[in-house]
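# Results of the structural survey
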Amino acid sequence: MTELSWAQVSARRLARHGLSAAAAPDAAPDAARVADVVSTMCGAHAQVASAAELSVGLRVPGATRALVRQALWRDRTLVKTRGPRGTVHLLAAADLPMWTGALTAMPVPAWEQSRGLLTPEQTEQVLAAIADALAEAELTTVELTEEIVARTGAWAGERVMEAFQDRWPRWMAAMSAATRGGVMCHGPTRGRATTYTSPARWLPGFTPMPGPAALADLVRRYLHAYGPATPAQFAKWLSATERWATEAFQSLDLAEVTVAGTRAWVVAGDTEFPDDPPSGLRLLPYFDAYAVGCHPRDRLFPGAAAERALAGGQAGNFPVLLVDGTVAGVWHQRRSGRTIRITVEPLRALGAGRRRALDEEVERVGHILEGNPSLTVGTVDVGPHA
């Protein structure tokens, strides 16, 4: 059995995420490169659009948020929909058949169930109405509600679903099933309003992959980006049960390794690890895939980092300063027009070389977000997800 150090694991993950020591900017990064990076990282969390743009841009040397938006809305090499944990993600459009096949093959999480608001028959009616309404359209929530009610009945529009100190229309209890099953995805925003459309408009000929094949593909991709990993870690990343994840691991040809004495798995044949130590300084945004997907937590968030950069044990609620693959601080940005004021709170002293790297990273963040950045090293005085 191969025995690995945390340094080896961290160095491989950094390299595969494009987050190791800075690479030279691409001569002309394009939307295809953006999609490749999003595919490799198994999606970019996109509940906060600017965080997703930065998360992807950090992994594509020379990229800006405009390029990410081009890949999403013009070239459509990306698609915005629900991915891991039922949260909004940017996914590679070419991977959408795999994602929908895998997500429909997993047990439905308790939080995704309709809570008795819809019968199975009503759910099927809503899904059919969504598919019909969005086949050739981009509709806001209000517009989509009207179309669904017209196709099903007034019951679908009753405001009975409690959410965020509000009540949503009954049909929205089926929204997770609709996105998970490839019936709907996000369309371009209209002013401040979100729109929805059919994934088939993004990926002509779109058809979900058969569940077993799709799930096997997803496990292999996850292990490529985040391995070595355990079934429990995969289950946490996907919001599934550990028992189900264990069965998924057991169905594949995987290799067992140990990381600092703890058992974990990689894809068989993918057992090469770098000898060079992890390197590089990065400012990762909210819910960056590296911070959320990498385990074990006590290695990624050692000591004071666990207290400062985790919220109730959950990663992603704070943007983090990553030094040599390990969380070493938190940061925050305030934007006003093109001015971006960045405050970084290191959890240990930064030497002259690290401080120069931080200055360079702040400039890179400004380039990606198309603004004029300034840096303050000091206390971040906002709470999680502020």
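Bear in mind that the values here come from a model prediction, so they are computed numbers and not experimental data.

### Some words on the overall build of the protein
In terms of helices and strands, the protein carries 16 helices and 16 strands. Over its C-alpha trace the protein gives a radius of gyration of 21 Å, about what one expects of a compact globule, namely 21 Å for 386 residues. On the principal axes, the C-alpha backbone points of the protein span a range of 65 × 55 × 40 Å. Sorting the 386 residues of the protein into buried and exposed places 53% on the buried side. In the protein, the share of contacts with a sequence separation of at least 24, taken over all contacts with a separation of at least 6, comes to 67%. Accessible surface, the protein: about 16700 Å² in total, of which carbon and sulfur atoms supply 50%.

### What about the sheet that holds strand S2 (residues 44-45)?
With antiparallel pairing, the 3 strands of this open sheet are ordered in space as S2-S4-S3. The sheet terminates laterally at S2 and strand S3 (78-82), the two strands that pair on one side only. Sheet topology note: the S2/strand S4 (residues 88-92) ladder contains 2 bridges and is antiparallel. Within the sheet, the bridge partner assigned to His45 lies in S4 and is His89. Contacts from helix H2 (residues 31-40) reach S2, S3 and S4 within the one sheet, and its direction differs from that of S4 by about 120°. Sitting on the sheet, helix H4 (residues 65-74) touches S3 and S4, and the angle it makes with S3 is about 80°.

### A few points about the pairing of strand S15 (residues 339-346)
Looking along a regular strand, one sees the side chains alternate between the two faces of the sheet. Note that strand S14 (residues 326-336) and S15 share 8 bridges and pair antiparallel. Looking across to S15, one finds that Ser336 is bridged to Thr339. Hairpin connection of S14 to S15: 2 residues between the antiparallel strands, including Gly337 at a positive phi of 65°. Direction of pairing for S15 relative to strand S16 (residues 372-377): parallel, over a ladder of 6 bridges. Its bridge partner being in S16, Val344 is matched across the sheet by Val377. The parallel pair S15 and S16, bridged by helix H16 (residues 352-368), forms a crossover whose chirality is right-handed.

### Describing the pattern of salt bridges
Inspection of the entire model under this criterion finds 23 salt bridges. Across the pair Arg243 and Glu247 runs a salt bridge, and its minimum N-O distance is 3.9 Å. Of the two residues, Arg243 and Glu247 are both situated in helix H12 (residues 242-250); the distance of 4 residues between them amounts to about one turn of the helix. On the accessibility criterion, Glu247 (45% relative accessible area) is partly exposed. The salt bridge partner of Asp381 is Arg334, with a shortest N-O separation of 3.5 Å. Taken together, the residues span a long stretch of sequence, with Asp381 in the segment after S16 and Arg334 in strand S14 at a distance of 47 residues. Look at Asp381 and you get exposed, because its relative accessible area is 62%. In this structure Arg334 comes out as partly exposed when scored by relative accessible area, which is 44%. Three or more residues are tied together by salt bridges with common partners; here these are Arg12, Arg16 and Asp270.

### With respect to the nonpolar core
Membership of the largest hydrophobic core comes to 98 residues, with the highest contact counts inside it found for Leu78, Trp99, Tyr226, Phe234, Trp237, Leu238 and Phe301. Top element by residues in this core is helix H10 (residues 211-226). It accounts for 9 residues. Every residue in contact with Tyr226, bar those within four places of it in the chain, is listed here: Arg13, His17, Met41, Cys42, Trp237, Ala289, Tyr290, Gly293 and Cys294. Counting 24 residues, the second largest nonpolar core, distinct from the first, contains Val126, Val183, Met184 and Tyr196.

### Remarks on empty space enclosed by the protein
Where empty space is left can be seen by rolling a probe of water-molecule size over the atoms. Scanning all chains against the criterion turns up 3 cavities of 30 Å³ or more. Its volume calculated, the second largest cavity comes out at about 50 Å³. Forming the walls of the second largest cavity are Cys42, Gly43, His45, Arg85, His89, Tyr226, Trp237, Phe287, Asp288, Ala289, Val292 and Gly293. With 3 residues, helix H13 (residues 289-293) is the largest single contributor of residues to the lining of the second largest cavity.

### A few points about the packing of aromatic side chains
Applying the stated criterion to the full structure yields 9 aromatic pairs. Seen from their ring centres, Trp99 and Trp237 are 6.1 Å apart, and the 50° between their planes marks the pair as tilted. With Trp99 in helix H5 (residues 96-105) and Trp237 in helix H11 (residues 231-238), this residue pair connects regions lying 138 residues apart in the sequence. Each member of the pair, Trp99 as well as Trp237, is classed as buried. Among the aromatic side chains, those forming a connected cluster through ring pairs are Trp99, Tyr222, Tyr226, Phe234, Trp237, Trp244 and Phe249. One residue, Arg12, lies across the ring of Phe273, its end atom 4.0 Å from the ring centre.

Each value, and the rule that gives it
Each chain has its residues counted from 1, following the order in which its sequence is written. Since the coordinates come from a predicted model, pLDDT governs what is reported: local features require at least 70, and pairs of side-chain atoms require 80 or more to be given and counted, while whole-chain, interface and lining totals use all residues. Just so you know, side-chain values use all the structure's heavy atoms and leave hydrogens and water out. Every helix listed is a DSSP run of H or I at least four residues long, and every strand listed is a run of E at least two residues long, numbered separately from the N terminus. With the radius of gyration taken over C-alpha atoms, the globule rule is written as 2.2 Å times the number of residues to the power 0.38. Throughout, exposure labels follow a simple rule: accessible area from a 1.4 Å probe, protein chains only, divided by the maximum for the residue type, with under 20% read as buried, over 50% as exposed, and the rest as partly exposed. The contact criterion used is simple: two residues touch if any of their non-hydrogen atoms lie within 4.5 Å. Under the convention used here, a 1.4 Å probe and the Shrake-Rupley method define accessible areas, while residue burial counts only the protein chains that appear. Should DSSP find at least two bridges between two strands, the strands are taken to pair. The axes are straight lines fitted to the C-alpha atoms, using for helices just the contacting stretch, and the angles between their N-to-C directions are given from 0 to 180°. Handedness rule for crossovers: strands pointing away from the viewer, path from the first strand over the helix to the second running clockwise, crossover right-handed. Salt bridge, as applied in this entry: a Lys or Arg side-chain nitrogen positioned within 4 Å of an Asp or Glu carboxyl oxygen. Definition used in this section: a nonpolar core is a set of buried Ala, Val, Leu, Ile, Met, Phe, Trp, Tyr and Cys residues joined via side-chain atoms within 4.5 Å. The distinction between a cavity and a pocket rests on a 1 Å grid over the protein atoms alone: a 1.4 Å probe fits inside a cavity but cannot get out, while a pocket stays open yet meets protein on both sides within 12 Å along at least five of seven lines, and a residue with an atom within 4 Å of a point counts as lining. Grid points are joined across faces, edges and corners, and a volume is the space filled by probe spheres set on the points. Pairing of aromatic side chains requires ring centres within 6.5 Å, counting the rings of Phe and Tyr and the six-membered ring of Trp. Pairs whose planes differ by under 30 degrees are stacked, by over 60 edge-to-face, and all others tilted. By definition here, charges over rings are those cases where NZ of Lys or CZ of Arg is within 6 Å of the ring centre and within 35 degrees of the ring normal.

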